[in-house]
Amino acid sequence: MELHGSCQKCQAPVFLNKTTDLHGNSVLTLNCWNGHYKWIHIEDIEEIEAIQPKTPPKENPVTYIGFFDLS
């Protein structure tokens, strides 16, 4: 980790970090030790296509909502 100034929000030291995530992607972050991120860059990340439902949802799947008294 290299020191790169101080955080604008809390004045804590800001570090440049390079790690590898669980999927093997290289992750570069510039953040302070209190968790304020200036930027995050993920290298070699695959683009994820938008997940489309196999069947379109019905217009209103709820047909009836009612309440009853148990006393």
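In case you missed it, the structure is sitting above this.
Remember, it's a predicted structure, so these values are computed and weren't measured experimentally. (Residues numbered from 1 in each chain as written. Predicted model: local features only at pLDDT ≥ 70, side-chain atom pairs only at ≥ 80, totals over all residues. Heavy atoms only, no water.)

Undergrad: An account of a nonpolar patch on the surface is needed here, citing residue identities and associated values.
TA: Together, Tyr 37, Ile 40 and Ile 42 make up an exposed nonpolar region whose accessible area comes to about 290 Å². Along the chain, Tyr 37 falls in strand 4 (residues 37-42). (Patch = residues over 30% accessible without salt bridge, like charges linked within 9 Å, V, L, I, M, F, W, Y side chains within 5 Å. Areas by Shrake-Rupley, 256 points an atom, 1.4 Å probe, with all protein chains shown as cover. Salt bridge = Lys/Arg side-chain N within 4 Å of Asp/Glu carboxyl O. Helix = DSSP H or I, 4+ residues; strand = E, 2+ residues; numbered from the N terminus.)

Undergrad: Tell me what's going on with unusual backbone geometry, and back it up with residues and numbers.
TA: Phi is positive for Gln 11, which is not a glycine, with a value near 65°. With respect to the secondary-structure elements, Gln 11 resides in the loop between strand 1 (2-6) and strand 2 (13-20). Residue classification places Gln 11 among the exposed residues on the basis of a relative accessible area of 54%. (Buried < 20%, exposed > 50% of the residue type's maximum accessible area, 1.4 Å probe, protein only.)

Undergrad: Account for the environment of Thr 20, with residues named and values stated.
TA: Inspection of the secondary structure puts Thr 20 in strand 2. C-alpha separation for the pair Thr 20 and Glu 43, spaced 23 residues apart in sequence, amounts to 9.5 Å.

Undergrad: Pulling in residues and values, what's your account of the side chain of Asn 17?
TA: Tracing the backbone shows Asn 17 in strand 2. Residue classification places Asn 17 among the buried residues on the basis of a relative accessible area of 14%. Of the polar contacts made by the side chain of Asn 17, one reaches the side chain of Asn 31; its length is 2.9 Å. (Polar contact = N/O pair within 3.5 Å; in protein donor to acceptor, adjacent residues only side chain to side chain.)

Undergrad: If you had to explain the pairing of strand 3 (residues 26-32) to someone new, which residues and values would you point to?
TA: Of all the seven residues making up strand 3, seven are buried; the element is thus mostly covered by neighbouring parts of the structure. Of the two faces of strand 3, the one lined by Ser 26, Leu 28, Leu 30 and Cys 32 and the one lined by Val 27, Thr 29 and Asn 31 are each fully buried. For strand 2 and strand 3, the ladder comprises seven bridges, and the chain directions are antiparallel. By the bridge assignment for strand 3, Asn 17 is matched with Thr 29. As paired elements, strand 3 and strand 4 share five bridges and run antiparallel to each other. Paired with Val 27 across the two strands is Ile 42, which belongs to strand 4. (Pairing = 2+ DSSP bridges.)

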